[in-house]
Amino acid sequence: MNLDPNIVKILYILLIVPFALVMEGIRRKAVARMQNRIGPPITQPIYDILKLFQKKKSDTLAQENSFFKVVPFLTFCVAFSFFLFIPLSFISFKHDFIFLIYLLVLESALFVLAGFAGNNPYSAIASMRELILMVSYEMIFTIIILTLFVYEEVLMVSEFGAMFMLLKLPIAFICFIAVMAIEIRITPYDTAAAPTEVLEGVETEYSGKGLAFLHISDALKLTFFAVLFIYFFFGQFSLPWMLLFVPLAVVFFSFVQATTGRYRVDQTFKRLTFFLILILIEFVRIKFITW
Amino acid sequence: MHDHTHTIPVGPQSPTMKEPMCIRVNLEGNYIKKAHVRMGYLHKGIENMLEGKSLIKCLYITEHICGICSYAHSACFTQAVERLYKIDAHKKAKYIRTIVAELERIHSHLLWFGFAMHEIGYDTMFQYGMREREYVLECFEKITGNRVIHAINKFGTVRYDFDKEKEGKFILDKLAKIEKIYPFYEKMARKNSVITSRMKEVGTISKSMAIKHCMVGPMARASGIKRDIRKDHPYEAYSEVDFELITETAGDSWARTMVRLREIVESIKIIKQLIKNMPEEPVPKFTKAGPLFMANVPEPKKTLTYGQVEAPRGEDFHFYKIEKGIVKKARIRTPTFQNIQVIETLLKGVEIGDIPVIISSFDPCFSCMERMIVVKDGKKEVLKEDEFRSKYC
Amino acid sequence: MNMIRKSPWVSIFNASSCNGCDIEVLTLVTPKYDIERFGAQWKMSPRHADILIVTGCTNETTKKRLKTVYDQMAHDKVVMAIGTCGNSGNFWRFCYNVKQRTDSVVPIDIYVPGCPPRPETIIDAVVKALALLKEKKNETKKNNKKATKK
């Protein structure tokens, strides 16, 4: 069956958000199963989002702040644009890895801004924690990506073509999992969104549409990291294979989430420093020793 | 000088505390400079209400002081009344009471363990703890017919009989399940890097500090003080069973975890012994006091009496003045009331992420604790000790 | 389509209760009576919640706080009073610090009796609350239409 490439592109753009939400549903379901519960149906996040769009907003003092209204939508836009830069054959711009890093930092920065706009001490603390961690993890993430591309000696993301990188760069793989845990806010490093310490974190003051956009961008980020995880460390598969492997990666993430607790901010920071040293060693190593 | 601190309220509506209490923390960066505890969200005035009520009514009210240690409070009141009227409870009734008390301890400790894990983000352990707790609740349902508020006590006896073959076997079955999984919990608490790094050397209470603040229960035992009413002043059937008094020396949150976890095993040990040695004859429906308590009991000369039991959180102490079957004066001192005093000192200088860990390691039960506020015309009133006694006691 | 039936978010409010009801509500998120299978989630912030569960008799200190939390919730909302204390005040209504019943502070839609009610009862109440939420939603829609016509 040969579809018109334009139709495929339109379908792809339309189905990104539902697909990401189903991935979030799979994560919740998998965590629930690991905790001996039945868990929600995997389409649950879609219901949640639709409900949030139907709900009214609650009155907060923060509403006077224009950032409060705009930032969730901006976060969603940036998170959505991740998927326009996934190097799949039919929808890809030519861009280098620096652009990828730039997008991820932008999303995190907007998330921090969303917290400060919330006008709530708890979301301010959550944002502050995210900022503190950003200093560290963005650097590690940059060096991981740098290691990968230096190893492959390419510059463009779409030119990256190596199978089973995790065997060649095992330390980078471990560091990637740690950074990913912070980025998609799962334990052990979800200090920025710790529900018992800072309530709902950045989202505390949001309700209705704003909350829906924040939730969607969370789900998009989760899916995006699942794609990156496979693309960089396992292999560059075509779209149908990706549809199979991405849920598996999400199940792996939920396994990480279910089997760990949460570290404190300073402990997280200490461990990140350790990872930074590790990845630097890896970066230097590929120059001399390879297998 | 510009002040570089900012104040945030932790609670009252906060996931850190399942019950409302407000701690205003003064933050300097990420560290707490000063903590101020504000309470009164749960104060209803139980002691005042107990006054002037008949003993049967008071038994019902004391049961509802707290939902988690409901048995301990009613046992305390029953003990006080039995002490005053010199009623010796039936031996089997004593055994059944002890079983319920120990089951309550297991239930409370498992609940606490789940919460402590939830506070550090370990949701899987939380769910597992709650899964095991459900077995204990099933046991409660079998013995007392209720999951949470048990209402098993009567003066001199208990409400339901206990069959060794039926209930005894059922309880042993369920406890075996908990016993089977227990080593996994202990291993996790000892080895897991998240648990040890979050809990060790957090909220340390030294032995001298614990003595100074008159701490009770697992909190004191974790600091190395051998204090347990079950050993010091045996009541019910505790003098007939053999169990170990568990102490740790570190005094931090982790030591408290270990004390509580290890106490679960001791409780299971006690229940096994009790079921094995359970008397055969059925529990009497009424003692000489009769169904309506006051009918045929001689009025004692004394009026003051007290009850003292080891609740899951520590020593529970009730003091009553009873005249002609009416409670004239009541004073309830719960374990959390003793333990919570240290919290402001303890929170000083810690990281904000440690607040949930420290507070949950206290196993606070505020609904037990909030006994009294003195407010007159909307103003606070400060009284000296003797003034206070002459006015309010 | 009305999605509120599929994802009720629950927030719990302790209005000087004795813990008994709280631990029974807590049981709902645990393996035996997992309510997440109906899509319900336990939310810390009342702004996210659709259903507010109130336990206990409301005393003088919590009265104001309960009102604030109720106002913070976004429309449409349902309030459930769990346990005898929440419904009628139980014997606490004779206490000096408890001057009113919970339903005189906030409007209560569903009363769940029991001391404490069994988890099954609370699940049943949550299901009933969903039907009520749907009704409320339709009502507000009608009112909005009327308002726009005028």
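Everything below is about the structure printed above this text.
Now for a look at the structure at hand.

About the cut-offs
- Residues numbered from 1 in each chain as written.
- Chains lettered and ligands numbered in written order.
- Predicted model: local features only at pLDDT ≥ 70, side-chain atom pairs only at ≥ 80, totals over all residues.
- Heavy atoms only, no water.
- Pairing = 2+ DSSP bridges.
- Helix = DSSP H or I, 4+ residues; strand = E, 2+ residues; numbered from the N terminus.
- Contact = heavy atoms within 4.5 Å.
- Buried area = accessible area lost by both parts, 1.4 Å probe.
- Salt bridge = Lys/Arg side-chain N within 4 Å of Asp/Glu carboxyl O.
- Nonpolar A, V, L, I, M, F, W, Y, C, P; charged D, E, K, R; others polar.
- Axes fitted to C-alpha atoms, helices over the stretch in contact; angles between N-to-C directions.
- Buried < 20%, exposed > 50% of the residue type's maximum accessible area, 1.4 Å probe, protein only.
- Right-handed = clockwise from strand over helix to strand, strands pointing away.

Focus on the pairing of strand β8 (residues 326-333) of chain B
Residues and elements named next belong to chain B. Across seven bridges, the pairing between strand β7 (residues 314-323) and β8 is antiparallel. Within the sheet, the bridge partner assigned to H318 lies in β8 and is I332. Linking β7 back to β8 in an antiparallel pair, the connection comprises two residues, with K324 at a positive phi of about 50°.

Focus: the interface of chain B and chain C
Taken together, the 41 residues of chain B in the interface contact 37 residues of chain C. The contact between chain B and chain C buries some 3300 Å² in all, and 62% of this surface belongs to carbon and sulfur atoms. Across the contact surface, chain B and chain C share three salt bridges. When the shortest N-O distance is used, the salt bridge between C:E24 and B:R147 registers 2.8 Å. Counting residues per element, the ones that place at least two in the side of chain B that touches chain C are α1 (46-50), α2 (55-63), α4 (91-119) and α5 (123-144) of chain B. With eight residues, α5(B) is the single largest residue contributor to the side of chain B that touches chain C. The residue inventory of the side of chain B that touches chain C, partitioned by class, reads 20 nonpolar, 12 polar and nine charged.

Let's talk about the sheet that holds strand β3 (residues 51-55) of chain C
Residues and elements named next belong to chain C. Pairing is parallel in the open sheet, where five strands are placed in the order β2-β1-β3-β4-β5. With partners counted over all chains shown, the strands left at the sheet margins are β2 (41-42) and β5 (110-112), one partner each. Two elements, β3 and strand β4 (residues 78-82), share five bridges in a ladder whose sense is parallel. Bridged to I53 within β4 is M80. Helix-sheet contacts for helix α2 (residues 60-72) involve β1 (9-14), β3 and β4, and the interaxial angle to β1 is about 165°.

So, the pairing of β3(C)
On any regular strand, side chains alternate: one points to one face of the sheet, the next to the other face. Residues and elements named next belong to chain C. In terms of burial, β3 is largely enclosed, as five of its five residues are buried. Along β3, one buried face is formed by I51, I53 and T55 and the opposite face, lined by L52 and V54, is buried too. Pairing of β1 with β3, which is carried by five bridges, proceeds in the parallel orientation. Paired with N14 across the bridge in β3 is T55. Following the chain from β3 across α2 to the adjacent parallel β4, one finds a crossover that is right-handed.

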